[in-house]
Amino acid sequence: ELIYNMKGLKDLGNQLKEKMGIREVSLVEGDSDDDDIIVKDMGKKASLIINSLLEDDMKIGIMGGTTMACVADEMEYNRKVRNIMVVPGRGGLGEKLEIQSNTIAAKLAQKLNAEYKLLHVPDNIQPELLEALRENPQIKSVLDEIKKIDMIVFGVGTAMEMAERRGMSELKKDELKLKNASAEALGYYFDSNGIPIMHTDSVGIDLKDINSIKHVICIASGKNKAEAIYAFSKYYKDYILVTDEETAKEILKLN
Ligand code: G3H
(Lines give C-alpha, C1' and ligand atoms only; values in the text may rest on other atoms or scores of the structure.)
Protein backbone atom coordinates (compact mmCIF):
# COMPACT_ATOMS: atom_id res chain seq x y z
CA GLU A 1 0.00 0.00 0.00
CA LEU A 2 2.90 2.31 0.79
CA ILE A 3 4.34 1.76 -2.68
CA TYR A 4 0.93 2.44 -4.17
CA ASN A 5 0.70 5.70 -2.20
CA MET A 6 4.13 6.79 -3.23
CA LYS A 7 3.29 6.15 -6.87
CA GLY A 8 0.04 8.07 -6.47
CA LEU A 9 1.89 10.99 -4.92
CA LYS A 10 4.50 10.96 -7.67
CA ASP A 11 1.77 11.00 -10.33
CA LEU A 12 0.07 13.89 -8.58
CA GLY A 13 3.39 15.76 -8.40
CA ASN A 14 3.98 15.22 -12.10
CA GLN A 15 0.52 16.46 -13.00
CA LEU A 16 1.08 19.58 -10.94
CA LYS A 17 4.53 20.16 -12.41
CA GLU A 18 3.03 19.96 -15.87
CA LYS A 19 0.14 22.29 -15.08
CA MET A 20 2.37 24.91 -13.48
CA GLY A 21 5.18 24.44 -15.98
CA ILE A 22 7.80 24.66 -13.25
CA ARG A 23 11.14 22.88 -12.78
CA GLU A 24 10.14 20.39 -10.09
CA VAL A 25 7.36 19.56 -7.63
CA SER A 26 8.02 17.64 -4.44
CA LEU A 27 4.98 16.54 -2.43
CA VAL A 28 4.39 15.28 1.07
CA GLU A 29 1.37 13.19 1.92
CA GLY A 30 -1.58 14.70 3.76
CA ASP A 31 -3.12 18.05 4.54
CA SER A 32 -1.20 20.74 6.43
CA ASP A 33 -4.48 22.57 7.16
CA ASP A 34 -5.48 19.63 9.36
CA ASP A 35 -2.20 18.65 10.87
CA ASP A 36 0.90 20.67 11.78
CA ILE A 37 3.00 17.54 11.37
CA ILE A 38 2.59 17.92 7.62
CA VAL A 39 4.35 21.31 7.69
CA LYS A 40 7.21 19.63 9.53
CA ASP A 41 7.28 16.94 6.85
CA MET A 42 7.60 19.66 4.23
CA GLY A 43 10.41 21.22 6.25
CA LYS A 44 12.18 17.85 6.32
CA LYS A 45 11.69 17.39 2.60
CA ALA A 46 12.98 20.90 1.91
CA SER A 47 15.97 20.17 4.14
CA LEU A 48 16.83 17.09 2.05
CA ILE A 49 16.52 19.07 -1.17
CA ILE A 50 18.62 21.96 0.15
CA ASN A 51 21.34 19.61 1.39
CA SER A 52 21.40 17.70 -1.88
CA LEU A 53 21.99 20.92 -3.82
CA LEU A 54 24.48 22.54 -1.44
CA GLU A 55 28.06 22.84 -2.56
CA ASP A 56 31.11 24.40 -0.92
CA ASP A 57 31.32 28.21 -1.10
CA MET A 58 27.62 28.71 -1.80
CA LYS A 59 25.63 31.69 -0.61
CA ILE A 60 22.05 31.04 0.47
CA GLY A 61 19.23 33.51 0.96
CA ILE A 62 16.19 32.63 3.06
CA MET A 63 12.97 34.59 3.54
CA GLY A 64 10.65 34.81 6.53
CA GLY A 65 7.30 33.35 7.57
CA THR A 66 6.06 30.40 9.60
CA THR A 67 6.90 27.90 6.85
CA MET A 68 10.50 29.15 6.59
CA ALA A 69 10.84 29.00 10.38
CA CYS A 70 9.80 25.36 10.15
CA VAL A 71 12.31 24.68 7.37
CA ALA A 72 15.12 26.06 9.54
CA ASP A 73 13.88 24.02 12.52
CA GLU A 74 13.73 20.80 10.52
CA MET A 75 17.00 21.41 8.70
CA GLU A 76 19.46 18.55 9.18
CA TYR A 77 22.91 19.51 10.40
CA ASN A 78 25.35 19.47 7.53
CA ARG A 79 29.01 19.46 8.49
CA LYS A 80 30.30 18.35 5.11
CA VAL A 81 29.90 21.54 3.15
CA ARG A 82 32.47 24.28 3.62
CA ASN A 83 32.39 28.03 3.52
CA ILE A 84 28.64 28.56 3.28
CA MET A 85 27.17 32.02 3.80
CA VAL A 86 23.52 32.58 4.75
CA VAL A 87 21.79 35.92 4.34
CA PRO A 88 18.21 37.00 4.98
CA GLY A 89 16.32 37.79 1.79
CA ARG A 90 14.91 40.91 3.35
CA GLY A 91 15.10 43.18 6.40
CA GLY A 92 12.23 42.86 8.84
CA LEU A 93 8.74 42.82 7.37
CA GLY A 94 6.83 43.88 10.44
CA GLU A 95 6.62 40.26 11.53
CA LYS A 96 7.22 38.69 14.92
CA LEU A 97 10.87 38.03 15.66
CA GLU A 98 10.52 34.24 15.40
CA ILE A 99 9.41 34.40 11.80
CA GLN A 100 11.60 37.21 10.53
CA SER A 101 14.03 36.43 7.78
CA ASN A 102 16.99 37.54 9.95
CA THR A 103 16.17 35.10 12.74
CA ILE A 104 15.62 32.25 10.33
CA ALA A 105 18.86 32.98 8.45
CA ALA A 106 20.83 32.82 11.70
CA LYS A 107 19.22 29.50 12.61
CA LEU A 108 19.84 28.01 9.18
CA ALA A 109 23.47 29.16 9.34
CA GLN A 110 23.90 27.34 12.63
CA LYS A 111 22.62 24.10 11.09
CA LEU A 112 24.99 24.43 8.13
CA ASN A 113 27.99 25.52 10.17
CA ALA A 114 27.89 28.64 8.03
CA GLU A 115 28.69 32.31 8.30
CA TYR A 116 25.78 34.71 8.24
CA LYS A 117 25.06 38.38 7.81
CA LEU A 118 21.93 40.14 9.01
CA LEU A 119 19.94 43.05 7.66
CA HIS A 120 18.94 45.40 10.42
CA VAL A 121 16.48 47.61 8.63
CA PRO A 122 13.10 48.61 9.98
CA ASP A 123 9.98 48.30 7.85
CA ASN A 124 7.49 50.67 6.44
CA ILE A 125 9.84 53.62 6.45
CA GLN A 126 9.68 56.39 3.88
CA PRO A 127 11.21 55.60 0.48
CA GLU A 128 13.75 58.47 0.78
CA LEU A 129 15.01 57.05 4.05
CA LEU A 130 15.22 53.58 2.56
CA GLU A 131 17.35 54.90 -0.27
CA ALA A 132 19.69 56.53 2.23
CA LEU A 133 19.90 53.30 4.25
CA ARG A 134 20.93 51.35 1.17
CA GLU A 135 24.08 53.46 1.08
CA ASN A 136 25.01 52.62 4.65
CA PRO A 137 28.22 50.52 4.34
CA GLN A 138 27.03 47.73 6.62
CA ILE A 139 23.66 47.40 4.92
CA LYS A 140 25.21 47.75 1.52
CA SER A 141 27.60 44.87 2.20
CA VAL A 142 24.65 42.57 2.99
CA LEU A 143 22.74 43.75 -0.07
CA ASP A 144 25.84 42.99 -2.14
CA GLU A 145 25.91 39.45 -0.71
CA ILE A 146 22.23 39.01 -1.59
CA LYS A 147 23.10 39.89 -5.19
CA LYS A 148 25.48 36.92 -5.24
CA ILE A 149 23.31 34.15 -3.78
CA ASP A 150 23.27 30.71 -5.42
CA MET A 151 20.10 29.57 -3.69
CA ILE A 152 16.94 31.28 -2.44
CA VAL A 153 14.48 29.55 -0.12
CA PHE A 154 11.11 31.26 0.31
CA GLY A 155 7.41 30.92 1.07
CA VAL A 156 4.30 32.20 -0.63
CA GLY A 157 1.39 33.81 1.18
CA THR A 158 -2.03 35.05 0.16
CA ALA A 159 -1.72 38.77 -0.54
CA MET A 160 -4.35 40.12 1.83
CA GLU A 161 -3.34 37.88 4.70
CA MET A 162 0.27 39.01 4.39
CA ALA A 163 -0.73 42.68 4.08
CA GLU A 164 -2.76 42.31 7.26
CA ARG A 165 -0.09 40.42 9.17
CA ARG A 166 2.52 43.03 8.26
CA GLY A 167 0.37 45.96 9.29
CA MET A 168 -0.06 47.53 5.87
CA SER A 169 -1.99 50.83 5.78
CA GLU A 170 -5.68 50.77 4.77
CA LEU A 171 -4.83 52.90 1.76
CA LYS A 172 -2.30 50.43 0.44
CA LYS A 173 -4.56 47.48 1.23
CA ASP A 174 -7.27 49.14 -0.87
CA GLU A 175 -4.79 49.51 -3.68
CA LEU A 176 -3.94 45.81 -3.46
CA LYS A 177 -7.63 44.89 -3.64
CA LEU A 178 -8.18 47.20 -6.57
CA LYS A 179 -5.31 45.53 -8.41
CA ASN A 180 -6.63 42.04 -7.68
CA ALA A 181 -3.69 41.07 -5.51
CA SER A 182 -3.38 37.33 -5.12
CA ALA A 183 0.06 36.34 -3.86
CA GLU A 184 2.93 37.64 -1.81
CA ALA A 185 6.42 36.24 -2.17
CA LEU A 186 9.96 37.62 -1.74
CA GLY A 187 8.55 40.92 -0.47
CA TYR A 188 6.45 41.55 -3.59
CA TYR A 189 2.73 41.33 -4.27
CA PHE A 190 1.41 39.69 -7.46
CA ASP A 191 -1.98 39.66 -9.13
CA SER A 192 -3.62 36.42 -10.25
CA ASN A 193 -1.78 36.61 -13.59
CA GLY A 194 1.54 36.66 -11.76
CA ILE A 195 2.18 40.32 -12.50
CA PRO A 196 4.08 42.14 -9.72
CA ILE A 197 1.86 45.00 -8.55
CA MET A 198 3.48 46.29 -5.37
CA HIS A 199 6.55 45.81 -3.22
CA THR A 200 6.99 46.24 0.49
CA ASP A 201 8.93 49.22 1.82
CA SER A 202 11.95 47.27 2.88
CA VAL A 203 15.39 46.38 1.58
CA GLY A 204 16.43 42.99 0.29
CA ILE A 205 16.26 40.79 -2.74
CA ASP A 206 15.37 42.40 -6.03
CA LEU A 207 12.68 40.42 -7.82
CA LYS A 208 14.50 40.38 -11.13
CA ASP A 209 17.55 38.88 -9.43
CA ILE A 210 15.86 35.48 -9.16
CA ASN A 211 16.55 34.98 -12.86
CA SER A 212 20.23 34.55 -12.08
CA ILE A 213 19.87 32.41 -8.95
CA LYS A 214 20.81 28.80 -9.62
CA HIS A 215 18.49 27.12 -7.14
CA VAL A 216 15.10 28.66 -6.39
CA ILE A 217 13.15 26.67 -3.79
CA CYS A 218 9.62 27.53 -2.71
CA ILE A 219 7.88 25.84 0.21
CA ALA A 220 4.20 26.66 0.65
CA SER A 221 1.02 24.81 1.52
CA GLY A 222 -2.59 25.29 2.58
CA LYS A 223 -5.69 25.06 0.43
CA ASN A 224 -6.25 28.80 0.90
CA LYS A 225 -2.83 29.40 -0.68
CA ALA A 226 -3.59 27.40 -3.84
CA GLU A 227 -4.42 30.47 -5.95
CA ALA A 228 -1.45 32.41 -4.62
CA ILE A 229 0.98 29.58 -5.34
CA TYR A 230 -0.44 29.23 -8.83
CA ALA A 231 -0.28 33.01 -9.42
CA PHE A 232 3.40 33.13 -8.48
CA SER A 233 4.14 30.30 -10.93
CA LYS A 234 2.83 32.53 -13.70
CA TYR A 235 5.54 35.04 -12.84
CA TYR A 236 8.44 32.61 -12.57
CA LYS A 237 8.89 28.97 -13.54
CA ASP A 238 12.42 27.78 -12.98
CA TYR A 239 11.97 26.63 -9.40
CA ILE A 240 11.29 23.67 -7.15
CA LEU A 241 7.99 23.71 -5.26
CA VAL A 242 7.56 21.75 -2.04
CA THR A 243 3.92 21.46 -1.02
CA ASP A 244 1.41 18.92 0.32
CA GLU A 245 -1.02 16.56 -1.34
CA GLU A 246 -4.21 18.53 -0.64
CA THR A 247 -2.75 21.84 -1.80
CA ALA A 248 -1.60 20.10 -4.99
CA LYS A 249 -5.13 18.81 -5.63
CA GLU A 250 -6.54 22.29 -5.01
CA ILE A 251 -4.14 23.91 -7.49
CA LEU A 252 -5.05 21.27 -10.09
CA LYS A 253 -8.70 22.37 -9.81
CA LEU A 254 -7.86 25.97 -10.77
CA ASN A 255 -8.39 27.33 -14.28
O1 G3H B 1 5.83 35.48 1.78
C2 G3H B 1 5.13 34.62 2.25
C3 G3H B 1 4.95 34.47 3.64
O4 G3H B 1 6.14 34.72 4.29
C5 G3H B 1 4.42 33.11 3.98
O6 G3H B 1 4.27 33.05 5.36
O7 G3H B 1 4.79 30.68 5.80
O8 G3H B 1 3.73 32.12 7.51
O9 G3H B 1 2.44 31.40 5.51
P10 G3H B 1 3.77 31.73 6.07
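The structure presented is a predicted model; accordingly, all values stated were derived computationally and were not measured. (Residues numbered from 1 in each chain as written. Predicted model: local features only at pLDDT ≥ 70, side-chain atom pairs only at ≥ 80, totals over all residues. Heavy atoms only, no water.)

Visitor: Got a minute to help me understand the sheet that holds strand β8 (residues 188–191) in this structure?
Guide: Paired through backbone hydrogen bonds, the strands of a sheet run either parallel or antiparallel to each other. Overall, antiparallel pairing links the 4 strands, which are arranged β6-β7-β8-β9 in an open sheet. Either end of the sheet is taken by a strand with one partner, and the two such strands are β6 (157–158) and β9 (196–199). Against the sheet, helix α8 (residues 170–178) makes contact with β7 (181–185), β8 and β9, and its axis sits at roughly 170° relative to β9, the strand it touches most. Contacts from helix α9 (residues 226–235) reach β6, β7, β8 and β9, with the element oriented near 75° to β7. (Pairing = 2+ DSSP bridges. Helix = DSSP H or I, 4+ residues; strand = E, 2+ residues; numbered from the N terminus. Contact = heavy atoms within 4.5 Å. Axes fitted to C-alpha atoms, helices over the stretch in contact; angles between N-to-C directions.)

Visitor: Help me understand the side chain of E74, please; the structure alone is not making it clear to me.
Guide: Among the secondary structure elements, E74 is positioned in helix α3 (residues 66–74). Under the relative-accessibility criterion, E74 is labelled buried at 16%. Other than its neighbours up to four places away in sequence, E74 contacts K40, G43, K44, S47 and K111. (Buried < 20%, exposed > 50% of the residue type's maximum accessible area, 1.4 Å probe, protein only.)

Visitor: Quick question: what am I supposed to make of the sheet that holds strand β5 (residues 151–154) here?
Guide: Ordered by their spatial adjacency, 7 strands build an open sheet running β1-β11-β10-β5-β2-β3-β4, and the pairing between neighbours is parallel. Sheet topology places β1 (24–28) and β4 (115–116) at the edges, where each strand pairs with a single neighbour. Of the pairings in the sheet, the one linking β1 to strand β11 (residues 240–244) comprises 5 bridges and is parallel in character. The residue of β11 that forms the bridge with L27 is T243. The sheet strands contacting α3 are β2 (59–62), β5 and β10 (215–219), and the helix crosses β10 at an angle near 110°.

Visitor: For this particular structure, what's the right way to read unusual backbone geometry?
Guide: Apart from glycine, the bulk of residues carry a negative phi angle, and the bulk of peptide bonds sit in the trans form. Within the chain, N113 stands out as a residue other than glycine whose phi angle is a positive 55°. Tracing the sequence through the fold places N113 in the loop between α4 (101–111) and β4. Accessibility expressed as a relative area gives 48% for N113, which makes it partly exposed. Of note, the phi angle at L186 is positive, near 60°, even though the residue is not glycine.

Visitor: Would you take a moment to explain the pairing of β9 for this structure?
Guide: The two faces of the sheet receive side chains in turn, since in a regular strand these alternate between them. As paired elements, β8 and β9 share 3 bridges and run antiparallel to each other. Bridging across to β9, F190 finds its partner in P196. A loop of 4 residues connects β8 with β9, the two strands running antiparallel in sequence, and G194 in this loop sits at a positive phi of about 80°.

Visitor: It is not clear to me how the packing of α9 against helix α10 (residues 245–253) should be interpreted in this structure. Could you clarify?
Guide: The axes of two packed helices give the description: the angle between them and the distance between them. Relative orientation of the contacting elements α9 and α10 amounts to 65°, with a least axis distance of 9 Å. Between α9 and α10, the crossing angle belongs to the class labelled roughly perpendicular. Two packed elements cross with a definite hand, and for α9 against α10 that hand is right-handed. Between α9, through A226, I229 and Y230, and α10, the contact on the second element is made entirely by T247, E250 and I251. (Parallel < 35°, antiparallel > 145°, perpendicular 65-115°, else oblique. Left-handed = near helix turned anticlockwise from the far one by under 90°.)

Visitor: Would you take a moment to explain the nonpolar core for this structure?
Guide: Across soluble globular proteins, nonpolar side chains show a tendency to be buried alongside one another. Core analysis: the largest hydrophobic core is formed by 47 residues, its most contacted members being I152, F154 and L186. Broken down by element, this core gets its largest block of residues, 6 residues, from α9. Here L186 is in contact with M63, R90, I152, F154, I205, L207, I210 and F232, once residues within four sequence places are set aside. Formed by 31 residues, the second largest nonpolar core is a distinct cluster that contains M42, M58, V86 and I104. (Core = buried A, V, L, I, M, F, W, Y, C linked by side-chain atoms within 4.5 Å.)

Visitor: Hey, could you run me through the pattern of salt bridges in this one?
Guide: Opposite charge on two side chains permits pairing when their charged atoms draw close. With the rule as written, the count across this model stands at 25 salt bridges. Among the ionic pairs, D144 bridges to K140, the shortest N-O distance being 3.5 Å. Pair noted here: D144 and K140 are both in helix α6 (residues 137–147), with a separation of 4 residues, about one helical turn. Take D144: its relative accessible area is 35%, and that puts it in the partly exposed class. Classification of K140 as partly exposed rests on a relative accessible area of 35%. For D201, the salt bridge goes to K172, with nearest N and O atoms at 3.8 Å. Placement of D201 in the loop between β9 and β10 and of K172 in helix α8 is noted, with a sequence separation of 29 residues between them. In this structure K172 comes out as partly exposed when scored by relative accessible area, which is 29%. One salt-bridge network, in which partners are shared between bridges, spans E95, R165, R166 and E184. (Salt bridge = Lys/Arg side-chain N within 4 Å of Asp/Glu carboxyl O.)

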